[in-house]
Amino acid sequence: MKKCYFCGVVLSENNQAVEHVIPNSFGGRLKSKDILCKECNSILGTTVDAKLYSDFKFFDILMNIKKDRETKNNFVKANINDTEIKLSKGLRYHSAPNISVETEGSGIKIKGVMIASADNKEAQDILYKNFFNKIKKHGFNGSIDDMKNSMVERIVPSDKWIELDRIFNLDAIVLGYLKVAIGFCSYHGKLDLIDEKILDTFRKAAKDKNSSEDINLILDNTSFIEQKYFYDGRLCNRLSLVGDKDNHKLYAVVGICDIFHFAIVLNDNYSSDNFEEKYIYDVINQKEIDFNMPSYNDIASCRKNNKSLFDVVKENSENNIKYIMSFFCVFDLCFFTDLALKYILHAVLSYDEKMDSASFEKKFIDDFCALRVSNEQLRFLSDEEFGKLAKMSYEFYSSNFDYFLVCLRKVYEGFKVQNSSFHNFLIDDNLFDEEIVSFVKRTIKNSKKDKLDELLKKIKS
Ligand SMILES: [Zn+2]
């Protein structure tokens, strides 16, 4: 007999509701009808989930998280060089056009500036229209196309960091994380292991929207876990529930889209068996993965300085946000083209035999995924895109293998790659000198018509 953990009512077909353990607005997929009744599901949706979402909305906009039901017209306000911009889904951003008139000598100069992503035609049209109206008033006689043709710079490229003044409400965030932890406990039928005092505090604090209930008991039992324990080159929802007999703790580790990770002790006097339940879901690549969650010792080491939870979150939030943003910033496409090329050369050099497509692609994806952990320039490509790139790289590798082999052997006569992995290969810039790289590039360009440049366009479309 399943009961609603919030109000205690027995759950039946009439009052059940589908509850997402991690809110679906953050891409949460784990769900059950045996956690909350309809009424409590709806109450907690507005008192807890909505508050958490408003603090984390920026990340949803940035990550364009896939969910069961899409919300419309979503954007947050942000700042680029003191220009206010609207940041829309999937990083399509634009600012309100800023149009100014200056006198220059005996003439006038009308300037229009707007920050827009290159593909945001809608935003650019707004600028053109406003700009056209302004210059007509100053005596411009031509059409809107004449105007466009005479404009010096049409789009202001925006490679700036986007600044955000977020004020996080830590109480609301921790309460949201605790709800996830309790939901996960209930999902595994282990609700009775939680300390009743924790559950009670949660129930009181989550009762209504404007609750100012003291949640110090919960904050005291919550620790922030540093991002470094979760570096795997992915963005995930991460959950673990651990019964730790030796440390007398029942605790949950919760990470929502890898924004912040908290460990919440749900029972300080735990004496049952050791166990661990885990759920890790990659929100970009939309698949469940395996991952070793930090141990109780790791968690304890994050707590050792006696700082308040608030101070620790404040100190670490910039680092956390930068990590997430690194998945969405395209740094330098040339770098990536070089890297793909270097990889092909590396593969030619390292293996005498030509690899078949399956082994080449597997090696390629494994190596690049591993590199993504340490190299933030690689994170903007998803697993699927790596897969496409591997296929195209193989085509090129396979059709030019013999030729590359001859070239490389000739230049590097007597040179042997010993214990060379792709990682060493990247660190050692001298492995291929400028000359050979540009030589091979010329070869590619002559015979393949900028194949690698096109390649990037293809995989990103
Ligand atoms: Zn209920």
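Computed from a predicted structure; not experimentally measured.

Analysis parameters
- Residue indices begin from 1 for each chain and proceed along its sequence in written order.
- With pLDDT at 70 or above as the cut-off, local features in this predicted model cover only qualifying residues; side-chain atom pairs require 80 or more to be listed or tallied, and sums for whole chains, interfaces and linings still use all residues.
- The way it works is that DSSP assigns letters per residue, a run of H or I at least four long becomes a helix, a run of E at least two long becomes a strand, and they are numbered from the N terminus.
- Residues with at least 20 neighbouring C-beta atoms inside 10 Å of their own are called buried, those with 12 or fewer are called exposed, and the rest are partly exposed, where every C-beta is derived from the backbone.
- Here, residues touch in the contact sense if the C-beta positions derived from the backbone fall within 7 Å of one another.
- Only when DSSP finds a minimum of two bridges between them are two strands counted as paired.
- Angular values range over 0 to 180 degrees, each being the angle between N-to-C directions of two axes fitted as lines to C-alpha atoms, with helices fitted over their stretch in contact.
- By this rule, a helix spans an expected 1.5 Å times one less than how many residues it contains.
- To get the bend at any residue, fit one axis to the seven residues that end at it and another to the seven that begin at it, then take the angle between the two axes.
- The term nonpolar core refers to a group of buried residues, namely Ala, Val, Leu, Ile, Met, Phe, Trp, Tyr and Cys, whose C-beta atoms join them within 7 Å.
- In these notes the angle categories are as follows: under 35 degrees is roughly parallel, over 145 is roughly antiparallel, 65 to 115 is roughly perpendicular, and the rest is oblique.
- Helix crossings fall into two classes, left-handed where the near helix is turned counterclockwise from the far one by less than a right angle and right-handed where it is turned clockwise.
- For this classification, Asp, Glu, Lys and Arg are treated as charged, while Ala, Val, Leu, Ile, Met, Phe, Trp, Tyr, Cys and Pro are nonpolar and the rest, including Gly, are polar.
- Across the chain, each position has a pLDDT score giving the predictor's confidence in that residue, from 0 to 100.

A. Representation of the overall build of the chain within the structure. A count of helical and extended segments in the chain gives 14 helices and 13 strands. Looking at the 461 residues of the chain, the share that counts as buried comes to 30%. If you take every contact in the chain between residues at least 6 apart in sequence, the share linking residues at least 24 apart comes to 67%.

B. Local environment of the sheet that holds strand 11 (residues 261–267). Read from one edge of the open sheet, six strands run 8-11-10-9-12-13, paired in antiparallel fashion. The two strands at the open ends of the sheet, each matched to only one other strand, are strand 8 (222–224) and strand 13 (287–288). Pairing geometry for strand 12 (residues 275–282) and strand 13, over two bridges, is antiparallel. Pairing of Tyr281 across the sheet is with Glu288, part of strand 13. Here helix 4 (residues 170–187) sits on the sheet in contact with strand 8, strand 9 (236–244), strand 10 (249–255) and strand 11, set at roughly 55° to strand 11.

C. Region of interest: unusual backbone geometry. Non-glycine residue Asp258 carries a positive phi angle of around 55°. Along the chain, Asp258 falls in the loop between strand 10 and strand 11. We classify Asp258 as buried; it has 23 C-beta atoms within 10 Å. The phi dihedral of Gln286 is positive, around 50°, even though this residue is not glycine.

D. Summary view of helix 4. The terminal C-alpha atoms of helix 4, which comprises 18 residues, lie 25 Å apart, in line with the 26 Å expected from a rise of 1.5 Å per residue. The buried fraction of helix 4 amounts to 15 of the 18 residues, a majority that puts the element mostly inside the structure. Positive backbone phi, at 65°, marks Gly189, one or two positions downstream of helix 4.

E. Local environment of the pairing of strand 12. The pairing of strand 9 with strand 12 spans eight bridges and is antiparallel. Note that in strand 12 the partner of Arg238 across the bridge is Ile280. What sits between the antiparallel neighbours strand 12 and strand 13 is a turn of four residues, in which Gln286 has the positive phi angle 50°.

F. Examining helix 1 (residues 38–63) more closely. The end-to-end C-alpha separation of helix 1 is 30 Å, well short of the 38 Å expected for 26 residues at 1.5 Å each. Of all the bends in helix 1, the greatest, near 60°, is centred on Phe56. Looking at the residues trailing helix 1, positive phi occurs at Asn64, about 50°.

G. Highlighting the environment of Met355. Along the polypeptide, Met355 turns up in the loop between helix 9 (333–350) and helix 10 (357–374). Along the chain, Met355 and Tyr394 lie 39 residues apart, while their C-alpha atoms are 9.0 Å from each other. Contacts of Met355, omitting those with residues within four sequence positions, involve Ala347 and Phe360.

H. Fine view of the pairing of strand 9. Among the nine residues in strand 9, seven count as buried, and that is most of the element. When strand 9 meets strand 10, the two strands line up antiparallel, connected through seven bridges. By the bridge assignment, Leu241 is partnered in strand 10 with Ala252. Between strand 9 and strand 10, which pair antiparallel in sequence order, lie four residues; one of them, His248, sits at a positive phi of approximately 55°.

I. Expanded view of the nonpolar core. Residues Ala181, Val254, Ile264 and Leu266 are the most contacted members of the largest nonpolar core, which totals 69 residues. Elements with a minimum of two residues in this core: helix 1, helix 4, helix 5 (196–205), strand 9, strand 10, strand 11 and strand 12. Ranked by residue count, the leading element in this core is helix 4, at eleven residues. Leu345, Phe360, Phe386 and Tyr394 belong to the second-largest nonpolar core, a separate cluster that totals 16 residues.

J. Representation of the packing of helix 1 against helix 4 in the model. Running from amino to carboxyl end, helix 1 crosses helix 4 at an angle of 120°, the nearest separation of the two axes being 9 Å. Relative to helix 4, the element helix 1 lies oblique. Handedness of the crossing formed by helix 1 with helix 4: left-handed. Mapping the contact onto sequence places Leu44, Val48, Asp49, Lys51, Leu52 and Asp55 in helix 1 and Ala172, Ile173, Leu175, Gly176 and Lys179 in helix 4. For the contact of helix 1 with helix 4, a count of residues per class yields six nonpolar, one polar and four charged.

K. Quick peek at the environment of Ser100. Here Ser100 is to be found in strand 6 (residues 98–104). By the C-beta count within 10 Å, which is 10 here, Ser100 ends up exposed.

L. How the structure looks around the confidence of the model for the chain. Confidence in the prediction for the chain averages 79 pLDDT; 74% of positions are at 70 or higher. By mean pLDDT, the top-scoring element of the chain is strand 10 (98), and the lowest-scoring one is helix 12 (residues 422–427) (38). Here residues 411–433 scores under 50 on pLDDT; set against residues more than four positions off or in separate chains, the count is 13 contacts. Contacts for the low-pLDDT stretch residues 442–452, under 50 throughout, to residues beyond four places or in other chains number seven contacts.

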